[in-house]
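# Coordinates in review
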Amino acid sequence: MNKTMIIAIVLGILLVLTGVQAFQINAIKEKISTGGVSVQSSGSGASVPSGLANLPTMVGGC
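What you are looking at is a predicted structure, and each value in this text was computed from that prediction instead of being measured.

### What to know about the overall build of the chain
- Assigned secondary structure in the chain consists of one helix and zero strands.
- Looking at the 62 residues of the chain, the share that counts as buried comes to 0%.
- Summed over all atoms, the accessible surface of the chain reaches about 6000 Å², with 66% contributed by carbon and sulfur.

Structure representation (structure tokens):
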């Protein structure tokens, strides 16, 4: 195969993947707009594991 054919094949694959992703984004937008997506919350906010709770806020520096 020559270089032009390989580039054309790769470009075709990228275009197909782009089309699939566009379809998925539209499906997600449709679910969000119709209320088909539910968000669950743990109620505790952003919890940090106990081993990371006492780390210094700045590491290194001058």
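### Here's the deal with a nonpolar patch on the surface
- A cluster of nonpolar side chains, contributed by M1, M5, I6, I9, V10, I13, L14 and L17, occupies part of the molecular surface with about 800 Å² of accessible area.
- Inspection of the secondary structure puts I13 in helix α1 (residues 3-34).

### As for α1
- Over its 32 residues, α1 extends 47 Å from the first C-alpha to the last, a length consistent with the 46 Å expected when each residue adds 1.5 Å.
- Positive backbone phi, approximately 80 degrees, marks G35, located one or two places after α1.

### Re the environment of V37
- Locating V37 in the fold gives a position in the segment after α1.
- Each residue touching V37, except ones within four places of it in the same chain, is listed here: K31 and I32.

The rules behind these values
Residues numbered from 1 in each chain as written. Predicted model: local features only at pLDDT ≥ 70, side-chain atom pairs only at ≥ 80, totals over all residues. Heavy atoms only, no water. Helix = DSSP H or I, 4+ residues; strand = E, 2+ residues; numbered from the N terminus. Buried < 20%, exposed > 50% of the residue type's maximum accessible area, 1.4 Å probe, protein only. Areas by Shrake-Rupley, 256 points an atom, 1.4 Å probe, with all protein chains shown as cover. Patch = residues over 30% accessible without salt bridge, like charges linked within 9 Å, V, L, I, M, F, W, Y side chains within 5 Å. Salt bridge = Lys/Arg side-chain N within 4 Å of Asp/Glu carboxyl O. Expected span 1.5 Å × (residues − 1). Contact = heavy atoms within 4.5 Å.

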